[in-house]
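Observations on chain architecture
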Amino acid sequence: MRRAPWAGSALHAEWTKARTAGGTWWLLLAVVVTTVAVGAAVAAATRCPAADCGQDPARVTLAGIDLGQAVVAVLAVLMISGEYDTGMILLTLTATPRRTTVLAAKAAVLTALVLVAGTIAVLGSVLAGRVILPGHGFTPARGYPLLSLADGPDLRAAAGSVLYLALVGLLGLGIATAIRDSAAAIGVVLGLLYLFPVVTAAASNPHWHRHLEQIAPMSAGLAIQATAGLRALPIGPWAGIGVLAAWATGAMLAGGLLLQLRDT
Amino acid sequence: VTVTAYRSRLREGPYGFADLLHAEWTKFRTVRGWVIAVAAAALAVVVFALVPSQQGSCNVSGCAGPVGPGGEQVSDSFYFVHQPLAGNGSITARVTSLTGQIPRLTNGAGTRPGLVPWAKAGIMIKASTSQGSAYAAMTVTGSHGVRMQYDFTQDVAGLPGAVTAASPRWLRLTRSGDTITGYDSADGTRWAQVGTATLAGLPSTAQVGLFATSPPYLQTSASEASISGGPSAATGAFGDVGLTWRGGAWAGLNVGGGTDGVPAGTLGFSRGAGTFTITGSGDIAPAVAGGAGIGVTIAQSLAGTFAGLIILAVVGAMFITAEYRRHMIRVTLTAAPHRGRVLAAKAVVIGTVAFAAGLVSAAIAVVLGQRVLRGNGAYVYPASALTQVRVIVGTAAVLAVAAVVVVIVLPYLLAVAAPVLPLGPTDWLLRLSPAAAFAVQQTLVQYPQVTNTYIPFYGYYPLAPWAGLAVLGGWAALALGLAVFLLRRRDA
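The following refers to the structure shown. (Residues numbered from 1 in each chain as written. Chains lettered and ligands numbered in written order. Predicted model: local features only at pLDDT ≥ 70, side-chain atom pairs only at ≥ 80, totals over all residues. Heavy atoms only, no water.)

What follows deals with the pattern of salt bridges. Residues and elements named next belong to chain B. Evaluation of the coordinates by the stated rule reveals 14 salt bridges over all chains. Where Asp187 meets Arg190, a salt bridge forms, and the shortest distance between an N and an O atom there is 2.7 Å. A relative accessible area of 29% means that Asp187 is categorised as partly exposed. The exposure class assigned to Arg190 is exposed, which follows from its relative accessible area of 65%. Glu323 is the partner of Lys346 in a salt bridge, and the nearest nitrogen-oxygen pair spans 2.7 Å. (Salt bridge = Lys/Arg side-chain N within 4 Å of Asp/Glu carboxyl O. Buried < 20%, exposed > 50% of the residue type's maximum accessible area, 1.4 Å probe, protein only.)

Shown next, in the form of C-alpha cells:
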C-alpha cells in the first residue's frame, strides 16, 4: 500500500540528510567556537577606564555573532546548494514532489539546528563576558552590573542574538534556493551582510548613513544586541530584527517561488 | 569501401603550460556569466567612486589649508610675537612655564586646565609671517620635552622632561645664511646643540620671535572607535629674551587668524619687565587626516574595492567548483594529467583577468573619484602621481589575489570598515590576516609629532603598503600550495 508523502516524512528525510552530511556538525561546531572565541577576544581587549566609557557590555560580549553569522550563512547555503552540486535534488524532488514542502522541511531543520547551536554559542559568550568584563573596568560602581539573563535588556540581547542567527540562516537558505550555486550564493549572502557596513562607512552624508543602517540586514538586525543608548540608535532593537526578518522572508519567498516555477 | 578514421586536427599531447593557459582562458571567456560578473565587479569599483558619498564645504568656503615648503598640506596657526632680523643673528629665551586650557567634554561646555602632549611654546625663525612659509623652531612641549622642529615635517628631540619654574628650559636659535642651528640648556650656561636646519631660500630679512600654540585636544573612547575633542590653548611664559642685534619693537600676530572654539580674548601676549606671556592655539605641523583632520584620501574613492572583491572571489571559486559540478574536471585532468599545472594555469588566468579588470576600474575610480569628491566640496589630501599609481596597481593586485583566494573579506570588515574590534586586535588582524593587503591603498603618513587617531578606519594601516600586499601574497601561496597538495592526493 502506498501512502501519500506527508510533511513529517519530508522533515525526517531532511533531518537525515543534515545529520549525515559531512560538513553539518563541523559547521555547527564552528558557529559555537567562532562566536565564543571572537566574543571573548573582543571582551578581553576592551577596557572601561571610567564611568560612561561609551561601551555596551552586551554588545561587546556578543560581538562574536558578527563572525559566527558567516558560518551560519555557509551552513544554510550548503543545505540546499549541496544538493544541486551533487544532483541529489532530483531524487529529493522525486520523493517529495511538493517543492514548497521540501523547502519548508529544510527551513525547519536548519532553524532547529541553528537555534540549538546559537543558544550554546550565546550562553558561552555570556559566560565568557561575565568572567572577563568585571576585571576590565565594567563594574557596578561604574554603572555596569554583571551581565545577567534575568535582566530584561540583557535577555533581549542574548535571545535576540540567537534569533538573529536563525534569521541569517533563513536568509541564506532562501538566497541559495534562488541561486543554486554554492559559491555564488555564499558570495551574495556574505555580500548582503557585510557590504552594507562598508557602504555605510563610506557615506558621510548623515541622512544616507542613517537610512543605510536602518535597512541593512546586519546593522539593523544587530540592534537587538543594544542594551544602552537605545534613543541614539538609528533603529530600535525589535524594529531592527524585524528588518532582518523582512529580508529573510523576502529571500525565502523568492527562493520558494523560483523553486516552484523552475526546472531543477 | 574504405573508411577513413576520424582524426582530430588538434595536436597530440603532451601539452605545455601555454596550452593549459589557452584551455583555461577558453573556459573562462566562454562562460557568459563569469565574463558578466567580472565586468560587474569592475563596474562596482567605478560606481562607488562616482556616487557622491562624501560631502564637504570646501567649494563654498574653501578649506585647502596652507602648503609647506615641501608641497605637503600643513597646519600653521600660532601666536607669534616677532620682529625682523636682517642677516645673521641669534635669539635666546628662557621658558619658565607652559600651561594650557582644554575643553571640558563631559559635564557641559567650557574649559579646564590641561595641556595636550604637543602643546608648544618656544622661539622661531620664519621666512615670513604668512602661513606655510619655511621656519625653524626650538620649543618646549606638553609632554615630549624640548624639540627642534623645522619645515613642518622635521622633528628632533632635545632635553627631556616638562618645564616648570624650578626647572626652566633655555632655548637658542642661530641663523647663519640658510642654516639655522638650535641649542638647548637647563641652566643657561652649558649649551647642547640639538640640530641644524637648512631652509632653502630663506630671505635675508626673516621674522624672529617667540610663539605659543596648542593642537586640538582629542579623547578617544576605550574602543578607539569614537573620538571627541575640541580646540585647546597653551600659554608659555618667557624670560631673559636676548638678541644679538639691536632689537626693534615687538609685534604680536595670531598667524592663521583662527580663533574658532577658543574663548574670545584668550589669544594674545602680554609683556612685563623682561618677560613675555603668550597664549596661542593651533599647530605647526603636517596636516593629517582622521580625527584631527578635515579631509579624505584618494582611498575614499576606492570603497567599491570591497564589492568587486566579493564578486571576483565568487567567480574565482566557481572557476574550479564548476568543473567538479559538471564533471569537467575529469576531462581536464585527462588532457593534462599534471594536476599542479592545471591549478597554476587556472590561478594565472583568473588572476590576470581580475588584475586587468581591477587596473582599469581602479584607475577610473581614482581619477574620476577625486573629481567627484572635490566637486562635492570634500577636501582630498594630495597624493603624488607615483603614490596614485601604486594605489591603482596595488588595488588591482589585491583583486587579482582575492580572485584566487577568498578569505580576505572578514578580517577587513572586522578591522577597517565597521571597527567592532578594539585597536589592539585590529592592529594584529591587519598585520597577519589577508586584509593586511588593504595597506596598499594607504596614502597618508603618520607623524609622531602630531597627535591623531592613527587608526585603519581613517586610512592608517600598521604595515607599509607593499608589506601588506606581501602578507596577502603569502596567504595566497599557502592556499594554493594546500590546494595542489589536496588535488594531487584526492580522486577527481
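This brings us to the sheet that holds strand E5 (residues 120-126) of chain B. Residues and elements named next belong to chain B. Spatially, the 7 strands line up as an open sheet ordered E8-E7-E6-E5-E12-E2-E16, and their pairing is antiparallel. Edge positions in the sheet fall to strand E8 (154-157) and strand E16 (251-255), since each of these pairs with one other strand and no more. For this sheet, the mean angle separating the axes of adjacent strands, direction not counted, is 25°. Here strand E7 (residues 146-150) runs beside E8; their pairing, made up of 4 bridges, is antiparallel. Directly across from Arg147, in E8, lies its bridge partner Ala157. (Pairing = 2+ DSSP bridges. Helix = DSSP H or I, 4+ residues; strand = E, 2+ residues; numbered from the N terminus. Axes fitted to C-alpha atoms, helices over the stretch in contact; angles between N-to-C directions.)

On to the nonpolar core. With 97 residues, the main nonpolar core has Tyr164 and Leu173 of chain A together with Phe28 of chain B as its most contacted residues. At 13 residues, helix H7 (residues 152-179) of chain A tops the list of elements feeding residues into this core. If sequence neighbours within four positions are ignored, Leu173 of chain A has contacts with Ala76, Met79, Ile80, Leu103, Lys106, Ala107, Leu110 and Met252 of chain A. (Core = buried A, V, L, I, M, F, W, Y, C linked by side-chain atoms within 4.5 Å. Contact = heavy atoms within 4.5 Å.)

Below, the discussion takes up a nonpolar patch on the surface. Residue and element names in this part refer to chain B. On the surface, a cluster of nonpolar side chains totalling about 710 Å² of accessible area is made up of Leu50, Leu359, Val360, Ile364, Val367, Leu368, Val389, Val393 and Trp466. Where the nonpolar patch is concerned, the elements lending two or more residues are helix H6 (339-375) and helix H7 (385-404). Sort the elements by how many residues they give to the nonpolar patch and H6 lands first, with 5 residues. With respect to the secondary-structure elements, Leu50 resides in helix H2 (residues 32-50). (Patch = residues over 30% accessible without salt bridge, like charges linked within 9 Å, V, L, I, M, F, W, Y side chains within 5 Å. Areas by Shrake-Rupley, 256 points an atom, 1.4 Å probe, with all protein chains shown as cover.)

The first and last C-alpha atoms of H6 of chain B sit 52 Å apart over 37 residues, in line with the 54 Å expected at 1.5 Å per residue. The sharpest bend along H6 of chain B measures roughly 25° and falls at Leu368 of chain B. (Expected span 1.5 Å × (residues − 1). Bend = angle between axes of the 7 residues up to and from the residue.)

Turning to the side chain of Ser161 of chain A, a few remarks are in order. Residues and elements named next belong to chain A. Within the element layout of this structure, Ser161 appears in helix H7. A distance of 3.1 Å separates the side chain of Ser161 from the side chain of Gln225, its partner in a polar contact. Not counting chain neighbours up to four residues away, the residues in contact with Ser161 comprise Leu62, Ile65, Val122, Arg156, Ile224 and Gln225. (Polar contact = N/O pair within 3.5 Å; in protein donor to acceptor, adjacent residues only side chain to side chain.)

The next point concerns the pairing of strand E2 (residues 78-86) of chain B. Residue and element names in this part refer to chain B. In terms of burial, E2 is a largely internal element, 7 of the 9 residues being buried. Where E2 lies against strand E12 (residues 205-213), 8 bridges are found, and the strand directions are antiparallel. Bridge assignment links Val81 to a residue of E12, and that residue is Leu210.

Residue and element names in this part refer to chain B. In total, this model carries 12 aromatic pairs over all chains according to the counting rule given. Each ring, one from Phe28 and one from Phe319, has its centre 6.1 Å from the other, and the planes form 85°; the classification is edge-to-face. One end of the pair, Phe28, is in helix H1 (residues 17-30); the other, Phe319, is in helix H4 (residues 305-325), and 291 residues separate them in sequence. Ring geometry for Trp250 versus Phe276: centroids 5.5 Å apart, planes at 75°, classification edge-to-face. (Phe/Tyr/Trp six-rings, centres within 6.5 Å; stacked < 30°, edge-to-face > 60°.)

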